[in-house]
Amino acid sequence: MEVSDPRARLATLIDAHGVGYAALSRMLRRNDAYLQQYVRRGTPRVLAERDRALLAAYFRVDQSELGGPSAAPMAAIRRLAVEASAGPGALTDTDETRDGARAMLLDPRLLADLRLSPADASMLTARGDSMLPTISDGDTLVVDERDRRVTARAGIFVLRHEGVLLVKRLTSREGGVVITSDNPAYPDITAPAVDVIGRVVWLSRALR
């Protein structure tokens, strides 16, 4: 779909989805007035490529509708068949599916920015509040399954622990691995070893 006025198209999308300019600007890690100034004052003249890609992915439209070139075909990313708990945790019998009908789509340029190929990536939804404020209930996570190394420097990983799929910070310490929640209401857990699926490298958040 080609449009002559990407600002008007973006304004229409924002109104149709009932989201705020400020909230969307924060999603882009810009100041609150960024998108309002773009739409209403013409500043900046064009959206940065990264901002345009994120907005197109959020609204599920082609980048050409927001003033960019027609997007390359979306990359199919394997979707984990379970939801990683950012809360008390949930038992699961299966970890993933390779059923194409359950695949999730992602802009290949975002994958390139993450230096990640579709074959090495998976996506899933976080549930619970234990990783607030970093990860919220309902956030979609992209996982780099090549990166499973836990070090003394904490990183956010998807892991299995005692039959539960979790998204937590992991730190290597003498005697095992410390499993930490960002929400201080949840205590740390120390385990001799954990089954790491991969490192969380990106998240997408629904704006309410």
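This text follows the structure it describes.
Being a predicted model, the structure only gives us computed values, none of them experimental.

About the cut-offs
- Residues numbered from 1 in each chain as written.
- Predicted model: local features only at pLDDT ≥ 70, side-chain atom pairs only at ≥ 80, totals over all residues.
- Heavy atoms only, no water.
- Helix = DSSP H or I, 4+ residues; strand = E, 2+ residues; numbered from the N terminus.
- Buried < 20%, exposed > 50% of the residue type's maximum accessible area, 1.4 Å probe, protein only.
- Contact = heavy atoms within 4.5 Å.
- Pairing = 2+ DSSP bridges.
- Core = buried A, V, L, I, M, F, W, Y, C linked by side-chain atoms within 4.5 Å.
- Arc of directions from axis to C-beta.
- Phe/Tyr/Trp six-rings, centres within 6.5 Å; stacked < 30°, edge-to-face > 60°.
- Lys NZ or Arg CZ within 6 Å of the ring centre and 35° of its normal.

Trainee: Can you walk me through the overall build of the protein chain in this structure?
Mentor: When helices and strands are tallied, the protein chain shows five helices and 10 strands. Classification of the 208 residues of the protein chain by burial places 44% in the buried group. Taking as baseline every contact in the protein chain between residues at least 6 positions apart, the subset at least 24 positions apart corresponds to 58%.

Trainee: Please clarify how the side chain of Glu145 should be interpreted in this entry.
Mentor: In this fold, Glu145 is placed in the loop between strand S5 (140-144) and strand S6 (155-161). Since its relative accessible area comes to 14%, Glu145 is described here as buried. Ignoring any residue separated from it by four or fewer positions in sequence, one finds Glu145 in contact with Arg78, Leu80, Asp120, Ser122, Ile197 and Gly198.

Trainee: Would you take a moment to explain the pairing of strand S4 (residues 121-127) for this structure?
Mentor: Along any regular strand, the residues point their side chains to alternate faces of the sheet. Of all seven residues that make up S4, six are buried, and the element is covered over most of its length. As defined by bridge partners, strand S1 (residues 75-79) adjoins S4 across two bridges and the pair is classed as parallel. What sits directly across from Arg79, in S4, is Met123. Sheet analysis places S4 next to S5, joined by five bridges and oriented antiparallel. Within the sheet, the bridge partner assigned to Ser122 lies in S5 and is Val143.

Trainee: What am I meant to see in the pairing of strand S10 (residues 195-204) here?
Mentor: Pairing between S5 and S10: five bridges, direction antiparallel. Directly across from Val143, in S10, lies its bridge partner Val200. Where S6 lies against S10, four bridges are found, and the strand directions are antiparallel. Bridge pairing links Leu159 to Val196 in S10.

Trainee: Got a minute to help me understand the nonpolar core in this structure?
Mentor: The nonpolar side chains of soluble globular proteins are, as a tendency, buried together. In terms of nonpolar packing, the biggest core is built from 31 residues, with Leu10, Leu24, Leu35, Leu55, Phe59 and Leu106 touching the most fellow members. Looking at this core, the elements with two or more residues in it are helix H1 (6-17), helix H2 (21-27), helix H3 (34-41), helix H4 (49-59), S1, strand S3 (104-106), helix H5 (108-113) and S4. Ranked by size, the runner-up nonpolar core spans 13 residues in total, among them Leu80, Leu124, Met131 and Val167.

Trainee: Which parts of the structure should I look at to understand H3?
Mentor: Note on helix geometry: an α-helix contains 3.6 residues per turn, so any two residues three or four positions apart are oriented the same way. Among the residues making up H3, those that are buried are Tyr34, Leu35, Tyr38 and Val39. The arc that holds every buried residue of H3, seen down its axis, measures 120°, which confines them to one face. Turned more than 90 degrees away from the buried face of H3, the exposed residues are Arg40 and Arg41. Looking at the buried positions of H3, the neighbouring elements they touch are H1, H2 and H4. Positive backbone phi, at 75°, marks Gly42, one or two positions downstream of H3.

Trainee: Can you help me understand the environment of Leu170 in this one?
Mentor: Relative to the assigned elements, Leu170 resides in strand S7 (residues 164-173). Residues Leu170 and Ala154, spaced 16 residues apart in sequence, show a C-alpha to C-alpha distance of 5.4 Å. Discounting residues that sit within four places of it in the chain, Leu170 has contacts with Val150, Thr151, Arg153, Ala154, Gly155, Phe157, Leu159, Val177, Val178, Ile179, Val194 and Val196.

Trainee: How do you make sense of the packing of aromatic side chains when you look at a structure like this?
Mentor: This model, assessed by the stated rule, comprises one aromatic pair. Ring centres of Tyr58 and Phe59 lie 5.0 Å apart, and the angle between their planes is 80°; this geometry places the pair in the edge-to-face category. Under the relative-accessibility criterion, Tyr58 is labelled buried at 19%. For Arg30, the ring lying beneath its charged end belongs to Tyr34, and the centroid distance is 4.7 Å. Above the face of the Tyr186 ring, Lys168 is positioned so that its terminal group lies 5.5 Å from the ring centre.

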